[in-house]
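# Descriptive structure summary
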Amino acid sequence: QVQLVESGGGLVQPGGSLRLSCVASGTIFSDYIMGWSRQGPGNQRDLIASISSMGTTAYQSSVKGRFTISRDNAKNTVFLQMDSLKPEDTAVYYCRVFQGREDYWGQGTQVTVSS
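Heads up: these notes are all about the structure in this document. Worth saying up front: this structure is predicted, and the values here are computed from it rather than measured. (Residues numbered from 1 in each chain as written. Predicted model: local features only at pLDDT ≥ 70, side-chain atom pairs only at ≥ 80, totals over all residues. Heavy atoms only, no water.)

### With respect to the pairing of strand β7 (residues 67-72)
The alternating pattern of β7 places Phe 67, Ile 69 and Arg 71 on a buried face and Thr 68, Ser 70 and Asp 72 on a face that is not buried. Relative to strand β8 (residues 77-82), β7 is paired through 6 bridges, and the arrangement is antiparallel. Counted as the bridge partner of Phe 67 is Met 82 from β8. Hairpin connection from β7 to β8: 4 residues lie between these consecutive antiparallel strands, with Asn 76 at a positive phi of about 50 degrees. (Buried < 20%, exposed > 50% of the residue type's maximum accessible area, 1.4 Å probe, protein only. Helix = DSSP H or I, 4+ residues; strand = E, 2+ residues; numbered from the N terminus. Pairing = 2+ DSSP bridges.)

So, in structure tokens, the structure goes:
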């Protein structure tokens, strides 16, 4: 059974930083794309960052230059370093692992940016 478990969310002031982690279990994910999506209040869930098995990254324009995605294939883990956080980054952040027809999601972790 595939399971994704996120950690690292919380409350942070504007301009601050957080680092999210997601550990995947149940299969070997080294060939999968790993990513992070988020859903803010009243918004749809959007993929904001992804990293391929070869380490190629892609970012939504709203987070490019502030967020950095990375992965550790040996530990089946994907990270999201979030810097220069803004109130509009407030959302539930979801880990996602996908390849072809397979698409797995974590349960989400809340990130709140507020003074």
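### Considering the packing of aromatic side chains
What the rule picks out here adds up to 3 aromatic pairs. Pairing Phe 29 with Tyr 32 gives two aromatic rings, centres 5.2 Å apart and planes at 70 degrees, and the pair type is edge-to-face. Note on accessibility: Phe 29 and Tyr 32 belong to one class, buried. Ring geometry for Tyr 94 versus Trp 105: centroids 6.4 Å apart, planes at 75 degrees, classification edge-to-face. Of this pair, Tyr 94 sits in strand β9 (residues 91-99) while Trp 105 sits in strand β10 (residues 102-105), and the two are 11 residues apart along the sequence. Each member of the aromatic cluster is reached from another via a ring pair, and the members are Phe 29, Tyr 32 and Tyr 104. (Phe/Tyr/Trp six-rings, centres within 6.5 Å; stacked < 30°, edge-to-face > 60°.)

### Things to note about the nonpolar core
Most often, soluble globular proteins have nonpolar side chains that are buried together. Ranked by internal contacts, the top residues of the largest apolar core, which has 26 residues, are Trp 36, Ile 48, Phe 67, Val 78, Leu 80, Met 82 and Tyr 93. Residues contacting Tyr 93, with those up to four places away along its chain left out, are Glu 6, Leu 20, Trp 36, Ser 37, Arg 38, Ile 48, Phe 67, Leu 80, Met 82, Gly 108, Thr 109 and Val 111. (Core = buried A, V, L, I, M, F, W, Y, C linked by side-chain atoms within 4.5 Å. Contact = heavy atoms within 4.5 Å.)

On their own, these measurements won't tell you what the molecule is for.
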